[in-house]
Amino acid sequence: MQVFRSFLKGLLAILLILVLMVGAATFALSRLAFPRTDGEAILENAGLDGPVDIYRDENGIPHIYAETTHDVFLAQGYVHAQDRFWQMDFQRAVGHGRLAQLFGDSEIDTDAFLRTLGWSRIADEEFAAMPAEAQDVLIAYADGVNAYMEERTPIRLGLEYSVLKLTNASYKPLPWEPADTLVWAKSMEWELGSNLKVEIARAVISEAAGADRVDDLFPAYPADRPVTVPGNGGTAATAVDAQTMVATSGLLATIADRVGLVDDLLGSTGAGIGSNNWVVSGELTDTGKPILANDPHLRIQMPSIWYEIGLHCAPVGPDCDFEVAGFSLLGTPAVVIGHNDRIAWGVTNLAADVQDLYIEKLNPDNLNQYEVNGQWIDMDVYSETLIMAGGKKTDLEVRVTRHGPIISDTYGAPLEELAEETDLAVPADYAVALRWTALEPTRLMEAILGINTADNWDQFRQALSNWDVPSQNFIYADVDGNIGYQMPGRIPIRADGDGRLPVPGWTNQYEWTGFIPFEELPSRYNPPEGFIVTANNAVVDASYPYFLGGGWSYGTRAQRITDLIEEAEGPISVAMIEDMQRDNRNLMAEEIIPFLTKVESTLPDVVAAQELLAAWGSGAQPFQQDAASAEGALYASVWRHLLATTFHDELPEDYRPDGGDRYFEALRPMLADPTNEWWDSQATSNIEERDAILETALQEAWSEMVDTMGADPNEWQWGELHTATFRNASLGESGVAPIEWLFNRGPYEVSGSGDVVNATSWNATEGYEVTWLPSMRMIVDLDDLSRSRAVHTTGQSGHAFNKHYVDMVDLWVVNDTQPLLWERPAVEAAAEGHLRLLPRG
C-alpha cells in the first residue's frame, strides 16, 4: 500500500541483509505463528461454558460445534485470531485512526482525518445502545480473540510483527474490545457507500470540461437495461444547475485530498466495485427448489477479505439457535453471507446516496460556533491525541455540527464565485461538514445476528429492518421454495435538493426530514418470472416516489445474467450456475466492435485489427474475454486507447476514464453521432470526427500488442496482460522487494474484465492488472444444502508460507469452487485437524 512506502523503505537495507544471511530462518520465523489445530487447548480465563469442538477441513476451514451461543462466538473469535490476527489488528488501527502507532508519523494525516470522521466514537455509542443479547455476542467474540492473544507473544501472532519489530520494537497489540468489531464496519461502510467521491468528480469535471457537458459523462441509467423491481420506480436525480456545479468545484476539491487518504487504505471506488447475485426459483431448476448465487466484487488483497466458517449449536435449541455456514468478515462474529438450515441469502452493493456536504456559516469572533436559523450554536468539540510509533504525541481538535464533523479547513475568504452564480448569501467564514448515515449509531450487528437465525421470509425481513448502513441488495431463498429480494438501509428524505452539491447548512432548507420507511423500500417475493437478478444495476424506475441515488452500475452484468437464465436449455442446475459465474462475454465489446470494423482505413495494422475483432464476434464463443483470447487482449487495448484519445485531452489526470461501464454509456450516443464535440482533439488544430479517433485507437492498440507480445497475433493472450497479484493489505506495496516477496503472491493470469459477469476489473488509466474482483463465489442448493459450493480468493490462513495461505487461488483463477460443507459427518470425514477448547478445570 502506497501510504506505507516511506515507513517500509527504511527497512530495505536491514531486510536485504536479513534475507541474505538468514533466509532459511524466515521460514522458521513464519512457522512460529502457525496455529495449533489439533489436540486440546484449555482456555484458563476465557469463561467457556463447556467444551467446543473445532474441525478444520482439508482447506483449513473451521467448523465450530458448541453447546451455547456464548461458546460459539467465543470460538469464532479464537479461530479468527488464530489465522488472521495481524489483519484484524491492522483493520482496527484503520478504524480507530491509529496507523501512526504502527507505522510512524508518515501516517499522522491519515489518522487525523479518520479521527475527524469519528468512527471510534460512534462505535462506542453503538455498543452502549445495543440490546444485551448483541452485546453478549460481541463480548464473547472479544473474549475468544483475547484468549488466543494470551497464549502468544506478538511474533507468534503473525510474521508481520517480526517485520514491524525492526523499526517499532515497542509496539504491542492491545486486547480486543467489542468496539474494535464495530469500528471496522465503518471502514466497510465507507468503501461501499462513499458517493462523496462521485460528487467531487462531477464538480472537478464540470470545471475542466464545462458544466454543460458534465452530464454527458454521467449519463442516466439506460432504458434497455434491467431494473430489479420494475414498476416500483426510482425518481431521477434533480437537475443540477450547471453554473452552481462549477462554482462549488473548488470547494469540493479542497476535501478531495482528505478523501484520498482513506482511499489509499481501502481502495478507491470506481470501475469494479459491485457484485453479482441472483436466485432462481424451483420452477426453473432441476431439483424443484431454488438455487442462489453470489459473488461480491471487492478490491484485490492478501489475505482475502473473507473467512469461510461453519457455526453450529450442538444441539440446536431455544437457548442456542445458530446453525449457519458461509462467509464471515475478520473481526466480526456470525456469518455475513451464507445459509442456515432454512434460508440462504446473498448481497450486492446498492450505492445509495447517504452522504451530504453542508457549508456551515461560522462566527468570525468564535470559529467554534456556527449559525442555525439566525442563531449562533456551539459546536461539539472533541480533543483527540494522536500517538506515533515510539510514543510521540500530538493533539487534534475535532469539531462537529448538527450535520456531522467538519472535514475541511476553516476558510477565511468568501465563496465569491458561488455568491455570484447563485442567490446564496455566502458567509465570510465557513467550513464544510459531512452528514452520513454511518456517522450515527446503527443496528448492523443486530441485523446480522437476526439474519443468521431467521427461519422464513418474514423473519428475514424483520432482521433487515435493523440493517441501517451500508444499503445493500439482499436476495433470499428458503427450503420451502420461496425466493425474494429486499433492499434495506437508512435512506434520507431531503427537504430540498438531492445531495449532489454542497448546500447551505445555516437554514433548514436542505435538512434531512426523515428516512424512507422500511415498508416502502423496494421488495419482491416470488416474482412471476421465477428469478431475481441484482448486479448493482438500477433497483427502481422513475415511478418510485423517493430518491435512492444515482450511482448505479449501468446494467451490463445484470443484462447478461438475465439473458443466461432466460436462454438456458433445460432446467437450471448448480453446474449451470457455476458456468454463469464463469461467463466472460463482453456486452460492451459487442456494441463497439461493429463501429470499429466499419472504419475505412488503408493502414495495414488497422485492417489487421479489424479482421481479428470481426472474427471474435463471429466465432463459436463470441466476445468471450478468456485468458487465452488474442481478440480479448486486442479489444481491451483498443478500449483503453479509445478512452485516452477521446477524453484525456479535456479531463484532469486524476479524473480520466477508468474503463467502467459509465464511460461505455457515455460513448453509446457518441458512436451514433460522428461529429459529436467530444471526438475533437484539443491537442490539434484540426477538427476530428468519430472515425478518425476510432482509427487512431485501433492503430495504437495494434502497436501496443506487437510491442508487448510480439508480431504474431496467434501468440497474444489476454491473460498475459490481465494478471492478478494478491498483495498484503498493509505491507504488500512497500517497494521493498524482500517484504513483498514474503507476503505477496502472484501474478496469476486470469479471464474476465470489468463489467462482465466474471468481473475481474482493471483501471484503464493504469494498465490491465486486476484491481477489483469476485472476492468469493457461492452457490447454495436449497434442495440439498450439502451440494452447495463456494471459494474465496486466496486461502483461510493469513500466515505467509502456511499451506492454507494461498491454496484456494488455483481454484479461483479457473473460476471453480469446492463443497461448502454442511453436515457434521461430512465435516468430520474431511477434517485435517480437530481442536478441542476446554474451560478451566
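Details of the structure are given in the entry above.
Residues numbered from 1 in each chain as written. Predicted model: local features only at pLDDT ≥ 70, side-chain atom pairs only at ≥ 80, totals over all residues. Heavy atoms only, no water.

## Here's the deal with the state of the cysteines
Under the criterion given, the structure shown has one disulfide. Bridging C313 to C320, the disulfide has an S-S length of 2.0 Å. Here C313 and C320 share a disulfide; its torsion about the S-S bond, -80°, makes the bridge left-handed. Neither C313 nor C320 differs from the other in exposure class; each is buried. (Disulfide = S-S within 2.5 Å. Buried < 20%, exposed > 50% of the residue type's maximum accessible area, 1.4 Å probe, protein only.)

## Thoughts on the pattern of salt bridges
If you walk through the whole model with that rule in mind, you get 42 salt bridges. Of the charged contacts in the structure, one is a salt bridge between E665 and R668, with a shortest N-O distance of 3.0 Å. Here R668 and E665 lie together in helix α22 (residues 661-671), a separation of three residues that amounts to about one turn. The class for R668 is buried, based on a relative accessible area of 18%. As a salt-bridge pair, D691 and R690 come within 2.9 Å of each other at their nearest N and O atoms. On the basis of relative accessibility, which here comes to 15%, the residue R690 falls in the buried class. Residues participating in the shared-partner salt-bridge network are D224, R225, E591, E665 and R668. (Salt bridge = Lys/Arg side-chain N within 4 Å of Asp/Glu carboxyl O. Helix = DSSP H or I, 4+ residues; strand = E, 2+ residues; numbered from the N terminus.)

## A look at the side chain of Q625
Structurally, Q625 is set in the loop between α20 (604-618) and α21 (630-647). The exposure class assigned to Q625 is buried, which follows from its relative accessible area of 1%. Reaching out from Q625, the side chain makes a polar contact with the side chain of N586 at a distance of 2.9 Å. The contacts of Q625, once residues within four sequence positions are left out, are N584, N586, W616, G632, Y635, A636, W718, S751, G752 and S753. (Polar contact = N/O pair within 3.5 Å; in protein donor to acceptor, adjacent residues only side chain to side chain. Contact = heavy atoms within 4.5 Å.)

## Let's talk about the pairing of strand β10 (residues 355-363)
For β10, the tally of buried residues reaches nine of nine residues, placing the bulk of the element in the interior. The two faces of β10 match: Q355, L357, I359, K361 and N363 on one face and D356, Y358, E360 and L362 on the other face are all buried. Relative to strand β15 (residues 430-436), β10 is paired through seven bridges, and the arrangement is antiparallel. Within β15, the residue paired with I359 across the bridge is V432. Across two bridges, β10 lies against strand β19 (residues 503-504) in parallel orientation. Across the sheet, I359 pairs through a bridge with P504, a residue of β19. Pairing of β10 with strand β11 (residues 366-372) involves two bridges; the strand directions are antiparallel. Within the sheet, the bridge partner assigned to N363 lies in β11 and is N366. Between β10 and β11, which pair antiparallel one after the other, the connecting turn spans two residues. (Pairing = 2+ DSSP bridges.)

## Here's the deal with empty space enclosed by the protein
Considering all chains together, one arrives at five cavities of 30 Å³ or more under this definition. For the largest cavity, the calculated volume is near 380 Å³. Lining the largest cavity are 27 residues; nearest its centre among them are M188, L192, L329, V336 and W467. Elements with a contribution of two residues or more to the lining of the largest cavity: α9 (178-193), β4 (274-280), β5 (291-299), β9 (343-349) and α15 (444-453). Ranked by residues supplied to the lining of the largest cavity, first place goes to α9 with seven residues. Residues that form the lining of the largest cavity fall into these classes: 17 nonpolar, eight polar and two charged. There is about 100 Å³ of room inside the second largest cavity. Forming the walls of the second largest cavity are 15 residues, and the residues nearest its centre are Q87, F90, Q91, Q301 and A729. Elements that contribute at least two residues to the lining of the second largest cavity include exactly α3 (69-96) and α13 (249-266). The greatest single-element share of the lining of the second largest cavity, amounting to five residues, is contributed by α3. Grouping the constituent residues of the lining of the second largest cavity by class yields nine nonpolar, five polar and one charged. (1 Å grid on protein atoms, 1.4 Å probe; cavity = no way out; pocket = protein on both sides within 12 Å on 5 of 7 lines; lining within 4 Å. Points joined across faces, edges and corners; volume = space filled by probe spheres on them. Nonpolar A, V, L, I, M, F, W, Y, C, P; charged D, E, K, R; others polar.)

Nothing here speaks to function; it is geometry throughout.
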